[in-house]
Amino acid sequence: RLVVIGAYTLDELQEQVVRCFSDVPAHPRGEPSLLDMTRTNANTWEETCRSGIKDYGMPFAPASLARIYRVVPVRERHSLNITWQVPPQGSNWRSKPCDYIAHLIGHEAAGSLLSALKAKSLVTACYAGVGSGGYENASSHALFNLTFTLSEEGVSHWGEIVTEIYNYIGMIRYYCA
């Protein structure tokens, strides 16, 4: 089921929904249900649960990735948001690699990405990591979000900021591999 609310006519909303969601397959009706959980070692410290939804893989098709969306802000606040879908993070609860990467990206110390972008007066703040909401950190996937609050200068240099982000991530991959 899908609920859509918007300040458009019903025909315009329907056209957008059909265009955006026509490739989404119908809910699978196979046995067992995707919502059925398989439990092992129930009621012990070693208990694990597994859902069939994991077998369907990542939620976003490759064709829907690597997109740029420009949204007109309602307030006088500009931000740059980058989201990556990553494998589910439940099994990484001890090492928390996404938290580690978020810390490296969002750190404000000299030599960090954030301090370099602030020194160029391109950004004013950074928020990074996997949220704790169900859509951001599910059993089938996780969404790693990176949000920079842009200065007026940063709005016109967003491409340079994105280049710096990917260069920094490349450096992390090179030195931390």
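Here, the structure is the one placed above.
Residues numbered from 1 in each chain as written. Predicted model: local features only at pLDDT ≥ 70, side-chain atom pairs only at ≥ 80, totals over all residues. Heavy atoms only, no water.

### Focus on the overall build of the chain
Then step 1. Within the chain one finds five helices and five strands.
Then step 2. For the chain, the C-alpha radius of gyration of 20 Å lies well beyond 16 Å, the compact-globule estimate for 177 residues.
Then step 3. Seen along its three principal axes, the alpha-carbon backbone of the chain occupies a region of about 55 × 50 × 25 Å.
Then step 4. When each of the 177 residues of the chain is scored for burial, the buried share is 23%.
Then step 5. The contacts in the chain between residues at least 6 apart in sequence include a share of 59% that link residues at least 24 apart.
Then step 6. For the chain, the accessible surface area stands at approximately 13500 Å², while carbon and sulfur atoms represent 57% of it. (Helix = DSSP H or I, 4+ residues; strand = E, 2+ residues; numbered from the N terminus. Rg over C-alpha atoms; globule rule 2.2 N^0.38 Å. Buried < 20%, exposed > 50% of the residue type's maximum accessible area, 1.4 Å probe, protein only. Contact = heavy atoms within 4.5 Å. Areas by Shrake-Rupley, 256 points an atom, 1.4 Å probe, with all protein chains shown as cover.)

### Some words on helix α5 (residues 158–176)
Then step 1. A rise of 1.5 Å per residue sets the reference length of α5, with its 19 residues, at 27 Å; its end C-alpha atoms lie 27 Å apart and thus fit the reference within 8%.
Then step 2. For α5, the set of buried residues is Ile161, Ile165, Tyr168 and Ile172. For α5, the angular spread of buried residues about the axis comes to 65°, placing them on one side. Along α5, exposed side chains directed more than 90 degrees from the buried face belong to Arg173 and Tyr174. (Expected span 1.5 Å × (residues − 1). Arc of directions from axis to C-beta.)

### What about the sheet that holds strand β4 (residues 123–130)?
Then step 1. Taken together, three strands build an open sheet; the order of strands is β3-β5-β4 and the sheet is antiparallel. Unpaired on one side and paired on the other, β3 (78–86) and β4 mark the two borders of the sheet. Ignoring which end each strand starts from, the neighbouring axes of this sheet average 10° apart.
Then step 2. Pairing between β3 and strand β5 (residues 142–150): nine bridges, direction antiparallel. By the bridge assignment for β5, Ile82 is matched with Leu146. (Pairing = 2+ DSSP bridges. Axes fitted to C-alpha atoms, helices over the stretch in contact; angles between N-to-C directions.)

### Concerning the nonpolar core
Then step 1. Ranked by internal contacts, the top residues of the largest apolar core, which has 22 residues, are Ile105, Val123, Phe148, Ile161 and Ile165.
Then step 2. The set of elements that each furnish at least two residues to this core consists of β3, α2 (97–106), α3 (113–119), β4, β5 and α5.
Then step 3. Ranked by the residues each element gives to this core, the list is headed by β5, at five residues.
Then step 4. Here Val123 is in contact with Leu114, Leu117, Lys118, Phe148, Thr149, Leu150, Ser151 and Ile161, once residues within four sequence places are set aside. (Core = buried A, V, L, I, M, F, W, Y, C linked by side-chain atoms within 4.5 Å.)

### Quick notes on the pattern of salt bridges
Then step 1. A full pass over the atoms with the stated rule returns three salt bridges.
Then step 2. Linking Lys120 and Glu160 is a salt bridge whose minimum nitrogen-to-oxygen distance equals 3.5 Å. A residue pair is termed long-range when its members are at least 10 positions apart, and Lys120 in the loop between α3 and β4 and Glu160 in helix α5 qualify at 40 residues.
Then step 3. Its relative accessible area of 40% is what places Lys120 among the partly exposed residues.
Then step 4. Here the salt bridges share partners, and the residues they tie into one network are Lys120, Glu160 and Glu164. (Salt bridge = Lys/Arg side-chain N within 4 Å of Asp/Glu carboxyl O.)

### Concerning the state of the cysteines
Then step 1. Within the structure shown, the criterion is met by zero disulfides.
Then step 2. Cys126 takes part in no disulfide bond, and the closest cysteine sulfur to it belongs to Cys98, at a distance of 14 Å.
Then step 3. For Cys126, a relative accessible area of 14% gives the class buried.
Then step 4. In this structure Cys176 is not part of a disulfide, and its nearest cysteine sulfur, from Cys98, lies 14 Å away. (Disulfide = S-S within 2.5 Å.)

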